[in-house]
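Residue-level structural notes
Chain residues, written in single-letter form:
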Amino acid sequence: MAKIVAVTGNEAVANALRQASPDVCAIYPITPQTDMMQKYASFIANGKVSTEPILVESEHSSMSACIGASAAGGRVITATSSQGLALMWEMLHIASGDRLPIIMPVVNRALSAPLNIHGDHSDAMGARDTGWIQIWSENAQDAYDNTIQAFRIGEHMDIRLPVMVCLDGFIISHSIERMEYLEDAEVKNFVGEFKNFLPLLDLDKPKSYGPLILTDYYHEYKRAQHEVMTKVKNVVLDVAKDFEKMSGRKYGLFESYRLDDADIALVILNSAAGTSKDVIDSFRNKGIKAGLLKPRLFRPFPYEEVAEALKNTKAVCVMDRADSFGGYGPMFMEISSALYQLKEKPALINKIYGLGGRDYMPSHAELVLNELNEIASSGKIRIVKEYIGVRE
Amino acid sequence: MKQKGWKDLPPGSVVLEGGSAVNFKTGSWRAYRPIWNKENCIQCLLCWIYCPDMAIKVKDGKRGEFDYDYCKGCGICALECPGKKGKNAIEMIEEGK
Amino acid sequence: MATGLTLKELSKKEDRFTHGHRMCSGCGAPTVVKMVLLATDYPVIASNATGCLEVSSCISEYTAWKIPWIHTAFENAAATISGVETMYRSLKKQGKIDKDIKFIAFGGDGGTYDIGFQSLSGAMERGHDMLYVCYDNGAYMNTGIQRSSATPLGADTTTCPAGDVIPGKLRSRKNLTKIMGAHNIPYAAQASPSHWMDLMKKVKKAHEFIGPKFMNILAPCNRGWRSQTNDSITLSKLAVNSCYWPLYEIEDGVTKITYTPKDKVPVADFMKPQGRFKHLFAPANEWLLKKVQEEVDKEWEKLKKQAECGC
Ligand SMILES: Cc1ncc(C[n+]2csc(CCOP(=O)(O)OP(=O)(O)O)c2C)c(N)n1
Ligand code: SF4
Ligand code: SF4
Ligand code: SF4
Ligand SMILES: [Mg+2]
């Protein structure tokens, strides 16, 4: 039986983590993640979960310890944001290269400099090439549900990869939302017992993790890693199906909102998608066929499916809450790669919005949709990449 | 040896067989070869404990022959060998001579 | 405690670090590892920082480790093993594991004194049941003999080369063993492979404490020290006998010298056979050689006082 609660995103995710009863958890504070792991520490202190904590001295050690713990053989979690994720960067590649299913919520926050504690996607976007599976979440419910599903995806015997569950800093992590919790027993049953795979603690079969591999085999190992990523999509969908059976909530590779017959569309991640949907509705009311695509699985990226979903549109704007300075926004690059394979492609523009927690307002979405409407009728693009919500 | 393709590699590049380095012979690195003069040996086993390449065979606590498959010819054993009455039990000779 | 510590008895044990590793001929590090593992009478799992030992002991499908072993990166052997140890404790508490297992991290001086210092300090403070072993060869050898904070005063390395104006390294070594002692861990010690019995006794002792332990073990590198392939044991003996590398332990905060050289030799005896100190024997650099001796003497006197007062 589901339970309706009013909680912050951080608390919701902390509960999802608790319900999966991990064996080891590394904890290190960073805003806006901090109170997620604080909450988790209180679960441990009050005997609500049997996880053994490691109160590390940095995020580099946090990920290193997670790798050690996961290789040892058991369920492992940590959580971070921003600078913390950046400090882990070296180790993120090792977690995935070693095929260790560590689950890590990332409470998205801007990167320094200048120092800023508010939400944008620069942190996780900067980690997109680390070999981690990335699942993005619009709200607390999404983040909670995605976290639960992440265990099944990462720990799947065909996958064995680490997973980041991304949610927006403050906007989601710190706002209280009404949402549904699943029962502990339901989640326990859904996630299942951790299945060991090449555990170091198996003394009878001593293994070596982390060899030196040079030109003779490195390329082959990376090819094998790529292959695993190609299997993730189906596992994500299968897990989502099971999750729907249990919760009644439906998840896919991405969410299509009024996209079927849309002429113009926004592609937008996480919390800003919620704001945008209301504006889409108002455009629909005006008779303009607007729609929205909210990516969920960002790594691996579902190129074919996204192209299929957008193929009948005339103009699309990819909204990026992160920049690749000197390049287009990271999401734009993915969407244009996806659309390039189509014979007839929509016009495509890129807006950078909301950096460092700058508010994303309905008026921004209106502006962009109006521009798309013009592009759709004129076929003319004024500028491909542009910052919005910025003072001149 | 035929090299494996990517489909045949262990996941995560984990080496599944502990101690598999024994399949890698390092004896060819040797420029000098240690020779054991049994008659000068007092069985102190210092050569064994100091050998960085585990290249001195010992059985039931008794020193045996060098393991030339792995001995890299560093000469530590020869230098540290006390021998009998000042007579060294290990001599280094040039390899191939 | 020293039972079984005869070479005869030890030689009957299985090598848990095998031949077929690819350390240079005459390298001190494999001897250190072999001794540490020989003195460990428990199932053991090790982590290893990036460096000479790691790159030469586990290459493609060849691993010299007969024990479960993990290398992740350069600066985090301590953090990595702390994760393994925590999983072990978690599973043990849950009744999923019943064996008693020991945990050892191996790191070079670069991976320990420098880049891995924070990770080491953190793991020691957290109280993991583990032994950290630094094999100290006094430079970043794997990348080609660069200076570390363990590089001795006056040494010629590729990043502090002895030139016409600057005669090698002008800073003294960081005293890591004492710093680790100051972490209030149950046991910290310094050892040398030349004194194998002392080394192994310390390892055995370390394993009997529950909690974090640290050992700093000298590991001559003939490439970086520019000495001979056969002299790693001789040089480590000279390091001990000159008191450049005193053998001592800090047990629950109390310092004890475990070996006092009968005849303390000049540190020049240790330095002379090494090409990295060659320039110090030129008349122009006499002052630096003298300074090295003064520093060794000063540190040795300090250590003796510490041992005398039981602090
Ligand atoms: C983060 C990082 N920085 C630098 C390196 C390059 N690196 C690899 S091994 C090494 C030197 C290791 O020195 P030390 O720890 O003293 O071990 P040794 O090789 O001397 O045994 C360096 C600098 C690296 N692998 N990772
Ligand atoms: S020469 Fe070196 S490698 Fe060979 S047996 Fe003697 S000590 Fe071992
Ligand atoms: S060191 Fe010399 S005397 Fe001792 S066992 Fe070896 S060969 Fe014999
Ligand atoms: S460079 Fe030095 S430390 Fe590295 S393997 Fe060679 S002798 Fe050993
Ligand atoms: Mg070194």
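Look up: the structure comes first, before these words.
To start, this report covers the structure provided alongside it. (Residues numbered from 1 in each chain as written. Chains lettered and ligands numbered in written order. Predicted model: local features only at pLDDT ≥ 70, side-chain atom pairs only at ≥ 80, totals over all residues. Heavy atoms only, no water.)

What follows is about the coordination of the magnesium ion (ligand 5). By definition of the ideal shapes, a tetrahedral metal site with four donors has angles of 109.5 degrees and an octahedral site with six donors has angles of 90 or 180 degrees. All names here are of chain C. Of the protein atoms, only D109 (OD), N137 (OD1) and A139 (O) coordinate the magnesium ion (ligand 5), at distances of 2.0 to 2.1 Å. Donor residues binding the magnesium ion (ligand 5) come from one chain and are separated in sequence as D-x27-N-x1-A. Taken together, the residues span a long stretch of sequence, with D109 in helix α5 (residues 109-114) and A139 in the loop between β6 (130-136) and α7 (176-181) at a distance of 30 residues. Residue classification places D109 among the buried residues on the basis of a relative accessible area of 0%. Judged by its relative accessible area of 4%, A139 is buried. (Donors = N, O, S within 2.8 Å, 3.2 Å for Na, K, Ca; no water. Helix = DSSP H or I, 4+ residues; strand = E, 2+ residues; numbered from the N terminus. Buried < 20%, exposed > 50% of the residue type's maximum accessible area, 1.4 Å probe, protein only.)

Turning our attention to the packing of helix α2 (residues 29-38) of chain C against helix α8 (residues 196-208) of chain C. Residue and element names in this part refer to chain C. Between α2 and α8, whose axes approach to 8 Å, the crossing angle comes to 50 degrees. Taken together, the axis directions place α2 and α8 in an arrangement best described as oblique. The chirality of how α2 crosses α8 is right-handed. Facing M35, V36 and L38 of α2, the residues of α8 in contact are W196, L199, M200 and V203. Here the residues of the contact of α2 with α8 are counted per class, giving 7 nonpolar, no polar and no charged. (Axes fitted to C-alpha atoms, helices over the stretch in contact; angles between N-to-C directions. Parallel < 35°, antiparallel > 145°, perpendicular 65-115°, else oblique. Left-handed = near helix turned anticlockwise from the far one by under 90°. Contact = heavy atoms within 4.5 Å. Nonpolar A, V, L, I, M, F, W, Y, C, P; charged D, E, K, R; others polar.)

Taken in spatial order, the 9 strands of this open sheet run β9(A)-β4(C)-β1(C)-β5(C)-β6(C)-β8(C)-β7(C)-β9(C)-β10(C), and their pairing is mixed. Edge positions in the sheet fall to β9 (208-209) of chain A together with β10 (254-259) of chain C, since each has one partner strand and no second. Taken together, the 3 bridges between strand β1 (residues 44-48) of chain C and strand β4 (residues 69-71) of chain C define a ladder with parallel strand orientation. Across the sheet, residue N48 of chain C finds its bridge partner in β4 of chain C, namely H71 of chain C. Of the strands in this sheet, β9 (247-251) and β10 of chain C touch helix α12 (residues 286-308) of chain C, which is tilted by about 115 degrees from β10 of chain C. (Pairing = 2+ DSSP bridges.)

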